[in-house]
Amino acid sequence: MLFSNVINTVSINDRCFLYGDGFFSTVRVRHGLAELWPLHLARLQETARQLAINVTDWQALSRAVTAAIETKGLSDAVLKIQISRGESNRGYSPLGVTAANLVISCSALPDYSHWQQHGVKVALAELRLAVQPVLAGLKHCNRLEQVLLKREASERHVDDLLVCDQQGFITEAIAANVFMHRDGRWYTPELSRAGVAGVMRSHLLRQRDIEQVNWQLPELANVDAMVLSNALMGPVPVQSYNNQPLNLALAKTWCNAFL
């Protein structure tokens, strides 16, 4: 069995609500289709496997996504797919949990055109990500670090933050992956300690020659361009990092190849 049901309300016994015991993917709907759906589905499947959440009928999930788009008449929108381990009595133990719950919700697509044209201002985050290799790369439902990072970005009046893990390795932005240009090549952080392996990141890695690296902050000294990406906004150029201008034209040229 795949899901106990597709739910519109969440029980107080749902383990996503209680413990963040679940995972999700945020999909861009473009012209009535779930963009990059095979990559989203592959990530959902791998996350379920790693978290030992029993999902067996993935075709039913794909049908539910298609039905949600058609029923709501979506053209350009955001579709969020959230899978909970299910419902249980009090306690952390996953034993005796009901079948997994699925929540599919939609919202308006944000307008990223200003960022795509003019770039974003990025600063170095003070908060650092916890190192947990078992959860590294997964888009699980515990996002408290990102909530605090969003607050930090707002207080510092920047568009986004470059975030390191507790060992000092450059990892990602708040809700996006990062790509860095140096000496004629593009690089992106390797994500075996922390961070989220984004669907757009996977797409870009397939399309271009990008090296995955373990860099600490001194490695940024010779970086001359930077790009952020996620599944909703696509690749977006970085205008400046810590108030230092970057090569916006180079970043925009690289981004425009994918828009």
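Refer to the structure printed above.
Residues numbered from 1 in each chain as written. Predicted model: local features only at pLDDT ≥ 70, side-chain atom pairs only at ≥ 80, totals over all residues. Heavy atoms only, no water.

**Q** How do you make sense of the side chain of Asp 160 when you look at a structure like this?
**A** The topology assignment puts Asp 160 in strand β6 (residues 160–164). Buried charge Asp 160 goes without a salt bridge, the closest partner of opposite sign being Lys 150 at 5.8 Å. Contacts of Asp 160, omitting those with residues within four sequence positions, involve Lys 121, Val 122, Ala 123, Ala 173, Ile 174 and Leu 228. (Helix = DSSP H or I, 4+ residues; strand = E, 2+ residues; numbered from the N terminus. Buried < 20%, exposed > 50% of the residue type's maximum accessible area, 1.4 Å probe, protein only. Lys, Arg positive; Asp, Glu negative; His and termini not counted. Salt bridge = Lys/Arg side-chain N within 4 Å of Asp/Glu carboxyl O. Contact = heavy atoms within 4.5 Å.)

**Q** Teacher, can you tell me more about unusual backbone geometry here?
**A** Trans is the common state for peptide bonds, and a negative phi is the common state for residues other than glycine. Located in the positive-phi region is His 31, a residue other than glycine, with phi close to 55°. Residue His 31 is classed as exposed on the basis of its relative accessible area of 64%. Even without a glycine there, the phi angle at Asp 183 is positive, about 55°. Position of Asp 183 relative to the elements: it lies in the loop between β8 (177–182) and β9 (185–189).

**Q** Looking at this structure, how should I read the environment of Met 233?
**A** Residue position: Met 233 is located in the loop between β11 (225–230) and β12 (234–241). Judged by relative accessible area, Met 233 falls into the buried class, the value being 4%. C-alpha of Met 233 to C-alpha of Ala 251: the two residues are 18 residues apart in sequence and 15 Å apart in space. Those residues in contact with Met 233 that lie beyond four places of it in its chain are Tyr 112, Trp 115, Gln 116, Ala 176 and Leu 228.

**Q** Just checking my understanding: could you explain the environment of Asn 214 for this structure?
**A** Within the secondary structure, Asn 214 sits in the loop between β10 (210–213) and β11. Classification of Asn 214 by relative accessible area gives partly exposed; the value is 40%. Dropping the residues within four chain positions of it, Asn 214 is found in contact with Phe 169, Glu 190 and Arg 193. Of the polar contacts made by the side chain of Asn 214, one reaches the side chain of Arg 193; its length is 2.8 Å. (Polar contact = N/O pair within 3.5 Å; in protein donor to acceptor, adjacent residues only side chain to side chain.)

**Q** Looking at this structure, I do not really get the sheet that holds strand β1 (residues 22–30). What am I missing?
**A** The pairing of strands in a sheet comes from backbone hydrogen bonds and takes either a parallel or an antiparallel form. Sheet architecture is open: four strands sit in the order β2-β1-β3-β4, paired in antiparallel fashion. Both outer strands of the open sheet, β2 (33–34) and β4 (101–108), are each paired with one neighbouring strand and no more. The sheet contacts of helix α2 (residues 37–51) involve β1, β2 and β3 (77–84), and relative to β1 the element is tilted by about 180°. On top of the sheet, helix α3 (residues 58–72) reaches β1, β2, β3 and β4; it is set at about 145° to β3, its chief contact. (Pairing = 2+ DSSP bridges. Axes fitted to C-alpha atoms, helices over the stretch in contact; angles between N-to-C directions.)

**Q** In this structure, what is going on with α3? I would like to understand it.
**A** An α-helix turns once every 3.6 residues. As a result, residues three or four positions apart point the same way. The end-to-end C-alpha distance of α3, which contains 15 residues, comes to 21 Å, matching closely the 21 Å that a straight helix rising 1.5 Å per residue would cover. Trp 58, Leu 61, Ser 62, Ala 64, Val 65, Ala 68 and Ile 69 are the residues of α3 that are buried. One side of α3 carries all its buried residues, which in axial view fall inside an arc of 160°. Exposed residues lying more than 90 degrees from the buried face of α3 are Gln 59, Arg 63, Glu 70 and Thr 71. On its buried face, α3 is in contact with β1, β2, α2, β3 and β4. (Expected span 1.5 Å × (residues − 1). Arc of directions from axis to C-beta.)

In short, shape yes, function no, at least from these values alone.
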